[in-house]
Amino acid sequence: MSKYRLKYQKGEEARYISHLDFVRTIGRTFKRANLPLKYTQGFNPHIVMSVALPISVGVLSDSEYMDVELTESVSLSDLIKRINENIPMGLKILDAKKLNESDKSFNKIESAKYLVYVIGNGNIDLGRFLSLNEIIVEKKTKKGISDVDIKKDIKNIEYLGKENDFDVFVMHLSAGSSANLKPETVLNAFEKFMDYKTEFFKVKRTNMYFENDINVF
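If you're wondering where the values come from, they're calculated on a predicted model, not measured in any experiment.

J.: Would you mind going over the pattern of salt bridges in detail, with residue names and values included?
T.: All chains considered together, the criterion is met by 13 salt bridges. One salt bridge connects Arg 15 with Glu 12, and the closest N-O pair in it is separated by 3.1 Å. For Arg 15, a relative accessible area of 12% corresponds to the buried category. Taking the shortest distance from any N to any O, the salt bridge between Asp 62 and Lys 204 comes out at 3.3 Å. Within this pair, whereas Asp 62 is found in strand β3 (residues 60-70), its partner Lys 204 is found in strand β10 (residues 196-209), the two being separated by 142 residues in sequence. Note on Asp 62: relative accessible area 26%, which makes it partly exposed.

This is the structure we're talking about:
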């Protein structure tokens, strides 16, 4: 058996595809590419694959990842070529590598970086915002809406300046099974603690990390 990690892009044409639709789409793509896929056992076998931190609908990304198992080895260049020849618009395999036992699984992911483009009004004082002892906002959890301190889940935020009509921020936030902070929640905190009101925003995920900011790929 051979296990591969694929890095892929989710562009404009695919930004509103749900996670479930993506899994179905990529499964059909693998079959059209005639890959030697490994399947689970049982009454309803499916392709052995996993996706790292499913992205929210509407979010773009240049750094999404999935693992897939094959029954025989395929060269990385051939694997990328065959998938990209069959994948729908808006999705593209950017890179691939063969995994070994030392490679970490996706459940070890701890954070992610985002480019956040915002049309907003107000004062941008990130120094004061990041120096707050606690940043309590309403956040949707499994138990409903509750007040949560998101301070510990903000690794860093930088303001890059204006791009056309957008204020551009880089947000490095907790992401994964133990903690997951979305950029829109941070924007809600901006309004509460920084007097900065968001009128419109768009998000692109740019990378994911294991502990100590080690790249997933």
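Read on for the rest.
J.: Break down helix α2 (residues 76-84) for me, with residues and values.
T.: The complete set of buried residues in α2 reads Leu 79, Ile 80 and Ile 83. Seen along its axis, α2 keeps its buried residues to an arc of 95°; they face one direction. Elements in contact with the buried residues of α2: β1 (2-10), α1 (19-32), β3 and β4 (91-98).

J.: Report on the pairing of strand β5 (residues 111-122), specifying residues and quantitative values.
T.: Here β5 runs beside strand β9 (residues 166-174); their pairing, made up of eight bridges, is antiparallel. Directly across from Lys 113, in β9, lies its bridge partner His 172. Bridge count for β5 against β10 is 12 bridges, and the pairing is antiparallel. The residue of β10 that forms the bridge with Tyr 117 is Lys 202.

J.: Give a detailed account of helix α4 (residues 183-193), specifying residues and quantitative values.
T.: Among the residues of α4, those classed as buried are Pro 183, Thr 185, Val 186, Leu 187, Ala 189 and Phe 190. Buried residues along α4 sit in contact with β5, α3 (126-130), β6 (136-141), β8 (154-163), β9 and β10.

J.: So what about the side chain of Asp 67? Which residues, and what values?
T.: Looking at where Asp 67 falls in the secondary structure, it is placed in strand β3. Taking relative accessible area as the criterion, Asp 67 reaches 4% and is therefore assigned buried. Non-local contacts of Asp 67, meaning those with residues more than four positions away in its chain, are made with Lys 3, Tyr 4, Arg 5, Val 48, Met 49, Ser 50, Leu 99 and Phe 106.

Cut-offs and rules
Residues numbered from 1 in each chain as written. Predicted model: local features only at pLDDT ≥ 70, side-chain atom pairs only at ≥ 80, totals over all residues. Heavy atoms only, no water. Salt bridge = Lys/Arg side-chain N within 4 Å of Asp/Glu carboxyl O. Buried < 20%, exposed > 50% of the residue type's maximum accessible area, 1.4 Å probe, protein only. Helix = DSSP H or I, 4+ residues; strand = E, 2+ residues; numbered from the N terminus. Arc of directions from axis to C-beta. Contact = heavy atoms within 4.5 Å. Pairing = 2+ DSSP bridges.

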